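# Structural overview for review
One letter stands for each residue in the lines below.
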Amino acid sequence: MPAERCAWDGTAQEVAALLAPYADPELAGRLVDVPPEIGARAVALLPPDLRTARLNLSQPPMSWLVEVAAALQGRLVGSLEAGKAFVRFDGVQMSSARARQLAVRIAETWPETAGAPAALPAATAEAWTRWTAHWPTWTGNGEDLLNVQLPQDAAVVGVVWD
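Cut-off values and rules
- Residues numbered from 1 in each chain as written.
- Predicted model: local features only at pLDDT ≥ 70, side-chain atom pairs only at ≥ 80, totals over all residues.
- Heavy atoms only, no water.
- Pairing = 2+ DSSP bridges.
- Helix = DSSP H or I, 4+ residues; strand = E, 2+ residues; numbered from the N terminus.
- Phe/Tyr/Trp six-rings, centres within 6.5 Å; stacked < 30°, edge-to-face > 60°.
- Buried < 20%, exposed > 50% of the residue type's maximum accessible area, 1.4 Å probe, protein only.
- Axes fitted to C-alpha atoms, helices over the stretch in contact; angles between N-to-C directions.
- Left-handed = near helix turned anticlockwise from the far one by under 90°.
- Contact = heavy atoms within 4.5 Å.
- Nonpolar A, V, L, I, M, F, W, Y, C, P; charged D, E, K, R; others polar.

Looking at chain direction, strand 1 (residues 30-34) and strand 2 (residues 75-80) are connected through three bridges and run antiparallel. Bridged to Val-34 within strand 2 is Leu-76. Direction of pairing for strand 2 relative to strand 3 (residues 87-95): antiparallel, over a ladder of six bridges. Among the inter-strand pairings, Arg-75 is bridged to a residue of strand 3, identified as Gln-93.

Applying the stated criterion to the full structure yields one aromatic pair. When the centroid spacing of 6.0 Å and the interplanar angle of 85° are considered together, the rings of Trp-64 and Trp-110 count as edge-to-face. With Trp-64 in helix 4 (residues 62-71) and Trp-110 in the loop between helix 5 (99-109) and helix 6 (119-122), this residue pair connects regions lying 46 residues apart in the sequence. You'll find Trp-64 and Trp-110 in the same group, each marked buried.

What follows covers the packing of helix 4 against helix 5. The relative placement of two packed helices comes down to the angle between their axes together with the axis-to-axis distance. As a packed pair, helix 4 and helix 5 sit with axes 11 Å apart at the nearest point and diverge in direction by 150°. Helix-helix and strand crossings are classified by hand; for helix 4 and helix 5 the assignment is right-handed. On helix 5, the residues touching Trp-64, Val-68 and Ala-71 of helix 4 are Leu-102, Arg-105, Ile-106 and Thr-109. Per-class residue counts for the contact of helix 4 with helix 5 are five nonpolar, one polar and one charged.

With respect to topology, six strands assemble into an open sheet ordered 1-2-3-6-4-5, the strand pairing being antiparallel. Because the sheet does not close on itself, it has two edges, and the strands there are strand 1 and strand 5 (138-141). Taken over all neighbouring pairs, the strand axes of this sheet differ in orientation by 20° on average, direction set aside.

Pasting the structure below:
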């Protein structure tokens, strides 16, 4: 047991060091603007079942969120509890020009199944005027990204699952 604990402690330190530059200075434990390549490295440190699990049943797996962020030139958001060897990426952000493309991918890849609800309606969607904005200029349901006109000043859009 002690050797196993040491291995997890080492992993926790590795995850924390990898993600430290992306810690939100205003919200302890929150991660922002994580590049997909860093997210992929962090997810690779997790046990395989956590990489592909739909952690709250509606959120797509973290491995998929990393892939879609990379494909659409986006960033990941999530959380990291201090001292734990577990990161949870629970959302993606990208240019608002790719908002509909993101919504379509989520809807097509993660529809409702017998074991899980559809991912897109379970998501909160937000738009910001810039990457460093503190408050969204628009908030809606993930499905709204399929057919709602975003505010003209929206530069960044994201989806997140609780």
